[in-house]
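# Structure at a glance
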Amino acid sequence: MASGSSFDASNFLDDDEWAANITEQNQRVDRIIEDVISHAAELSLQPTNHHVRAPRHL
């Protein structure tokens, strides 16, 4: 590093802390993906009230 650098090793996590943070973040992402898939499946099973109408001829 260049002299005068503001490098501070205390800002870095050790390997175990880093791995634990990554694992926690991956679990959060997995839950979000599961929730999105579950919600999408529920929406696809709901009946729709949309009726296609024939165009009106005047």
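Each remark here, short or long, concerns the structure printed above.
None of these values were measured; they are calculated from a predicted model.

## Regarding the overall build of the protein chain
A count of helical and extended segments in the protein chain gives 1 helix and 0 strands. In the protein chain, which comprises 58 residues, the proportion classed as buried is 0%. Here the protein chain displays about 6,100 Å² of accessible surface, and carbon together with sulfur accounts for 55% of that area.

## Considerations on the pattern of salt bridges
For the coordinates displayed, the defined rule picks out 1 salt bridge. Of the charged contacts, one joins R28 and E24 as a salt bridge, the two residues approaching to 2.6 Å between their closest N and O atoms. Taken together, the residues R28 and E24, both in helix 1 (residues 15–45) and 4 residues apart, mark about one turn of the helix.

## Here we look at a nonpolar patch on the surface
Judged by side-chain polarity, L13, W18 and I22 come together as a nonpolar surface patch covering roughly 300 Å² of accessible area. Structurally, L13 can be placed in the segment before helix 1. L13 gets classed as partly exposed once you look at its relative accessible area, which sits at 44%.

About the cut-offs
- Residues numbered from 1 in each chain as written.
- Predicted model: local features only at pLDDT ≥ 70, side-chain atom pairs only at ≥ 80, totals over all residues.
- Heavy atoms only, no water.
- Helix = DSSP H or I, 4+ residues; strand = E, 2+ residues; numbered from the N terminus.
- Buried < 20%, exposed > 50% of the residue type's maximum accessible area, 1.4 Å probe, protein only.
- Areas by Shrake-Rupley, 256 points an atom, 1.4 Å probe, with all protein chains shown as cover.
- Salt bridge = Lys/Arg side-chain N within 4 Å of Asp/Glu carboxyl O.
- Patch = residues over 30% accessible without salt bridge, like charges linked within 9 Å, V, L, I, M, F, W, Y side chains within 5 Å.

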